Amino acid sequence: MTALSFLDRLSSIVARYRSEVASSREHLALLRWQIARGDALDERATMPGHLTTSAIVLSPDHDQVLLIDHVVIGRWLQPGGHYEPAEAFHHSAAREAIEETGVRGLALHPWHQGGDQPFAIDSHDVPGKPARGEPDHVHHDLQYLFLADPALALVAQVEEVHAAAWKPVAELAAIAPRVHARLGDMAPR
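Computed from a predicted structure; not experimentally measured. (Residues numbered from 1 in each chain as written. Predicted model: local features only at pLDDT ≥ 70, side-chain atom pairs only at ≥ 80, totals over all residues. Heavy atoms only, no water.)

Remarks on the pattern of salt bridges
Consideration 1: This structure, assessed with the given rule, holds 7 salt bridges.
Consideration 2: Measuring nitrogen to oxygen at the nearest pair gives 3.7 Å for the salt bridge that ties Arg95 to Glu84. In this pair, Arg95 is assigned in helix α3 (residues 89-101) and Glu84 in the loop between β4 (80-82) and α3, connecting sequence segments 11 residues apart.
Consideration 3: Residue class for Glu84 comes out partly exposed when judged on its relative accessible area of 40%.
Consideration 4: What you see here is one network of salt bridges that share partners, running through Glu84, Arg95, Glu96 and Glu99. (Salt bridge = Lys/Arg side-chain N within 4 Å of Asp/Glu carboxyl O. Helix = DSSP H or I, 4+ residues; strand = E, 2+ residues; numbered from the N terminus. Buried < 20%, exposed > 50% of the residue type's maximum accessible area, 1.4 Å probe, protein only.)

The structure is reproduced here in structure tokens:
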């Protein structure tokens, strides 16, 4: 039996997300079109968009979320970045959270039931980097929930992050509104 290709894995996850998780307004048209075209979504040079992964790291009681003050973007966001090859997509998100914040004891949230289904998929516009010849483009962000202990020390990756801190989960309303709304619909597990 051969392993599924990156695009086959992504296509399967997107289809399952749309049937089991997505709201009726989440069409993910550009992402699905790029998958159907066979775009190399795992390469950051792929335009008009490519894949990113991010970690929504919650305290066990869901009262706090781990955020980073992003150097380039200049605002507080969830940890994440461009997809790097991993056995599962959520491993890419976990790697980003650990690299950017030094968070310890990170565990995939029980909502995922040990699987690789994203909690949310957010395709959003990002500004290009003219110095690199990079145009404005889209990040197709697979967002995963994790749990960690907010009492443990954090170490921000100063090359990309001014700071890492636990903030009230309500801050997600401005950063990741779909995630915030879905969290409101579920009780801590």
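Looking at the environment of Val138
Consideration 1: Its place among the elements puts Val138 in strand β7 (residues 137-147).
Consideration 2: Each C-alpha atom of the pair Val138 and His50 lies 6.6 Å from the other, and the pair is 88 residues apart in sequence.
Consideration 3: Not counting residues up to four positions away in its chain, the partners in contact with Val138 are Leu30, Pro48, Gly49, His50, Ser123, His124 and Asp125. (Contact = heavy atoms within 4.5 Å.)

Quick word on a nonpolar patch on the surface
Consideration 1: Side chains of Val71, Val72 and Ile73 sit close together on the surface and give an oily, nonpolar patch of about 260 Å² of accessible area.
Consideration 2: Positionally, Ile73 belongs in the loop between β2 (64-70) and β3 (76-77). (Patch = residues over 30% accessible without salt bridge, like charges linked within 9 Å, V, L, I, M, F, W, Y side chains within 5 Å. Areas by Shrake-Rupley, 256 points an atom, 1.4 Å probe, with all protein chains shown as cover.)

Considering the pairing of β7
Consideration 1: Burial runs high along β7: 11 of the 11 residues are buried.
Consideration 2: Pairing between strand β1 (residues 49-58) and β7: 10 bridges, direction parallel. Bridged to Ser54 within β7 is Gln143.
Consideration 3: Examined bridge by bridge, strand β5 (residues 107-108) and β7 share 2 bridges and lie antiparallel to one another. Paired with Leu108 across the strands is Phe146, a residue of β7. (Pairing = 2+ DSSP bridges.)

Digging into unusual backbone geometry
Consideration 1: In this model, Met47 is joined to Pro48 through a cis peptide bond whose omega is 15°.
Consideration 2: Mapped onto the secondary structure, Pro48 falls in the loop between α2 (29-37) and β1.
Consideration 3: Located in the positive-phi region is Leu28, a residue other than glycine, with phi close to 55°.
Consideration 4: Locating Leu28 in the fold gives a position in the loop between α1 (6-20) and α2.
Consideration 5: One non-glycine residue with positive phi stands out, namely Gln113, at about 50°.
Consideration 6: Position of Gln113 among the secondary structure elements: in the loop between β5 and β6 (120-126).

Brief notes about the nonpolar core
Consideration 1: Counting residues in hydrophobic clusters, the biggest one holds 45 residues, and the most contacted among them are Leu10, Phe89 and Leu183.
Consideration 2: If one sorts the elements of this core by residue count, α1 sits on top with 6 residues.
Consideration 3: Each residue touching Phe89, except ones within four places of it in the same chain, is listed here: Phe6, Arg9, Leu10, Ile13, Leu51, Thr53, Tyr83, Asp116, Leu142 and Tyr144. (Core = buried A, V, L, I, M, F, W, Y, C linked by side-chain atoms within 4.5 Å.)

Details of the packing of aromatic side chains
Consideration 1: A complete count under the given rule lists 4 aromatic pairs for this structure.
Consideration 2: Summarising the aromatic geometry, the rings of Phe6 and Tyr83 are spaced 5.3 Å apart at their centres and angled 40° between planes, so their arrangement reads as tilted. Remark: Tyr83 occurs in the loop between β4 and α3 and Phe6 occurs in helix α1; sequence separation between them is 77 residues.
Consideration 3: Owing to a relative accessible area of 15%, Phe6 belongs among the buried residues under this scheme.
Consideration 4: Residue classification places Tyr83 among the buried positions, given a relative accessible area of 6%.
Consideration 5: Ring plane angle 65° and centroid distance 5.8 Å describe the contact between Phe6 and Phe89, whose orientation is recorded as edge-to-face. In this pair, Phe6 is assigned in helix α1 and Phe89 in helix α3, connecting sequence segments 83 residues apart.
Consideration 6: A relative accessible area of 0% places Phe89 in the buried class.
Consideration 7: Aromatic rings pair up to connect Phe6, Tyr83 and Phe89 into one cluster.
Consideration 8: Here the basic side chain of Arg9 rests over the ring of Phe89, its NZ or CZ set 4.5 Å away from the ring centre.
Consideration 9: Lys167 extends its terminal NZ or CZ atom over the ring of Trp76, reaching a point 4.2 Å from the ring centre. (Phe/Tyr/Trp six-rings, centres within 6.5 Å; stacked < 30°, edge-to-face > 60°. Lys NZ or Arg CZ within 6 Å of the ring centre and 35° of its normal.)

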